[in-house]
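Structural characterization, general
So you can see what is in the structure, the chains are spelled out below.
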Amino acid sequence: MPNPAPNPVPAAGAGGTSALSIVLFAGGFDRVHYALVMASAAAATNRKVTLFFTGRALRALVHETEPGVLGWHDLDPADDGSTPVARDRYFATHGLATFEELLEACVAMGVTVMACEMGLRALGLPPGVCLRADVPVATGGVVTFLNQAPGGAPGGGAMLFV
């Protein structure tokens, strides 16, 4: 008996997932980097994408001029134990997209970037902490994210937790 043909993956807008919401909670460099890979790829395929930064991942959005925070350089070590800067340098020398390239691509393709207000407070950052000026960041809580993110609405898309 012949094997049946595999089911094709439905395209966006044709019964498939047309939106992606990613909650970035973990602060490991590789996890945040790959979430940017997923977001930029989804945006490149015309999906509406929302990145919701919370927990230690929020450090990626804090402006490097803030005392005691070095932006994405201050993320937790990569999975191989290397520093975020060393891992990013490895990616650059091996033809892989760097953190800045991926973040710039997300911004250029209209990915919505949100920073969790509770997460900022949980990190001990002061109210009105300076976030990256080159990234349009909306601040809000979990309820705001769930109400606005396409993946949070019933039937509105996929949601990933990193």
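Attention in this report is confined to the structure presented alongside it. This one's a predicted model, so the numbers in the text were calculated from it and none came from an experiment.

What counts, and where the lines are drawn
- Along each chain, numbering runs from 1 in the same order as the chain's sequence is written.
- Reporting of local features is limited, given that this is a predicted model, to residues whose pLDDT is at least 70; pairs of side-chain atoms are given and counted only at 80 or more, and all residues count toward the totals for whole chains, interfaces and linings.
- Excluded from the side-chain calculations are hydrogens and water; all other atoms, namely the structure's heavy atoms, are used.
- Between Lys or Arg on one side and Asp or Glu on the other, a salt bridge is scored when a side-chain nitrogen of the former is within 4 Å of a carboxyl oxygen of the latter.
- Runs of H or I in DSSP of at least four residues are treated as helices and runs of E of at least two as strands, each being numbered from the N terminus.
- Throughout, exposure labels follow a simple rule: accessible area from a 1.4 Å probe, protein chains only, divided by the maximum for the residue type, with under 20% read as buried, over 50% as exposed, and the rest as partly exposed.
- Note on pairing: DSSP must find at least two bridges between two strands before they are called paired.
- If you view a crossover with the strands going away from you and the path from the first strand over the helix to the second runs clockwise, you call it right-handed.
- Note on geometry: axes are C-alpha line fits, over the in-contact stretch for helices, and angles between N-to-C directions span 0 to 180 degrees.
- Note on aromatic contacts: the rings of Phe and Tyr and the six-membered ring of Trp form a pair at centre separations within 6.5 Å, being stacked when their planes are under 30 degrees apart, edge-to-face when over 60 apart, and tilted otherwise.
- Residue contacts follow a heavy-atom distance rule, with two residues in contact if any of their heavy atoms lie within 4.5 Å.
- Here a crossing is called left-handed whenever its near helix is offset anticlockwise from the far helix by less than a right angle, and right-handed whenever the offset is clockwise.
- Gly counts as polar in this scheme, as do all residues outside two lists: the nonpolar Ala, Val, Leu, Ile, Met, Phe, Trp, Tyr, Cys and Pro, and the charged Asp, Glu, Lys and Arg.
- The directions from the helix axis to the C-beta atoms are what the arc is built from.

1. Points about the pattern of salt bridges
Applying the stated criterion to the full structure yields 6 salt bridges. The closest approach of N and O atoms between Asp76 and Arg56, which form a salt bridge, is 2.6 Å. You can see Asp76 sitting in the loop between β2 (48-53) and α2 (84-93) and its partner Arg56 sitting in the loop between β2 and α2, a full 20 residues away along the chain. Taking relative accessible area as the criterion, Arg56 reaches 37% and is therefore assigned partly exposed. Here Arg132 makes a salt bridge to Asp134, at a shortest N to O gap of 2.7 Å. Given a relative accessible area of 12%, Arg132 falls into the buried group. Within this structure, Asp30, Asp80 and Arg87 form a network of salt bridges that share partners.

2. Let's talk about the environment of Ala138
As for its placement among the helices and strands, Ala138 is situated in strand β4 (residues 137-140). A relative accessible area of 35% means that Ala138 is categorised as partly exposed. Taking the C-alpha atoms as reference points, Ala138 and Glu117, 21 residues apart in sequence, are found 9.7 Å from one another.

3. Considering the pairing of β4
Pairing between strand β3 (residues 112-116) and β4: 4 bridges, direction parallel. Across the sheet, residue Val113 finds its bridge partner in β4, namely Val137. Traced from β3 through helix α4 (residues 117-122) to β4, the parallel crossover comes out right-handed.

4. Here's the deal with the sheet that holds strand β5 (residues 158-161)
On the basis of which strands lie adjacent, the open sheet formed by 5 strands has the order β4-β3-β2-β1-β5 and parallel pairing. Two strands bound the open sheet, and with one partner strand each, they are β4 and β5. Strand-to-strand, the axes of this sheet are offset by a mean angle of 20 degrees, without reference to chain direction.

5. Quick word on the packing of aromatic side chains
Counted by the stated rule, this structure contains 7 aromatic pairs. Ring geometry for Phe29 and Phe99: centres 6.0 Å apart, planes at 35 degrees, overall tilted. Residue Phe29 is located in helix α1 (residues 29-44), and its partner Phe99 is located in helix α3 (residues 99-108); the two are separated by 70 residues in the primary sequence. What makes Phe99 buried here is its relative accessible area of 1%. Following the ring pairs from residue to residue traces out a cluster consisting of Phe29, Trp72, Tyr90, Phe91 and Phe99.

6. A short note on the environment of Val85
Structurally, the position occupied by Val85 is in helix α2. Between the alpha carbons of Val85 and His73 there is a distance of 6.0 Å; along the sequence they are 12 residues apart. If we ignore the near neighbours within four places in the chain, the residues touching Val85 are Trp72 and His73.

7. Focus on the packing of α1 against α3
Across the interface, α1 lies against α3 with an axial gap of 9 Å and an inter-helix angle of 35 degrees. In terms of crossing hand, the pair formed by α1 and α3 is left-handed. Two secondary-structure elements touch here, α1 through Phe29, Val32, His33, Leu36, Val37, Ala39 and Ser40 and α3 through Phe99, Leu102, Leu103, Ala105 and Cys106. Residue classes in the contact of α1 with α3 are distributed as 10 nonpolar, 2 polar and no charged.

8. Here we look at α3
Of all the residues in α3, the buried ones are Phe99, Leu102, Leu103 and Cys106. For α3, the angular spread of the buried residues around the axis is 95 degrees, confining them to a single face. Of the exposed residues in α3, those oriented more than 90 degrees away from the buried face are Glu104 and Ala108. Buried residues belonging to α3 abut α1, β2 and α2.

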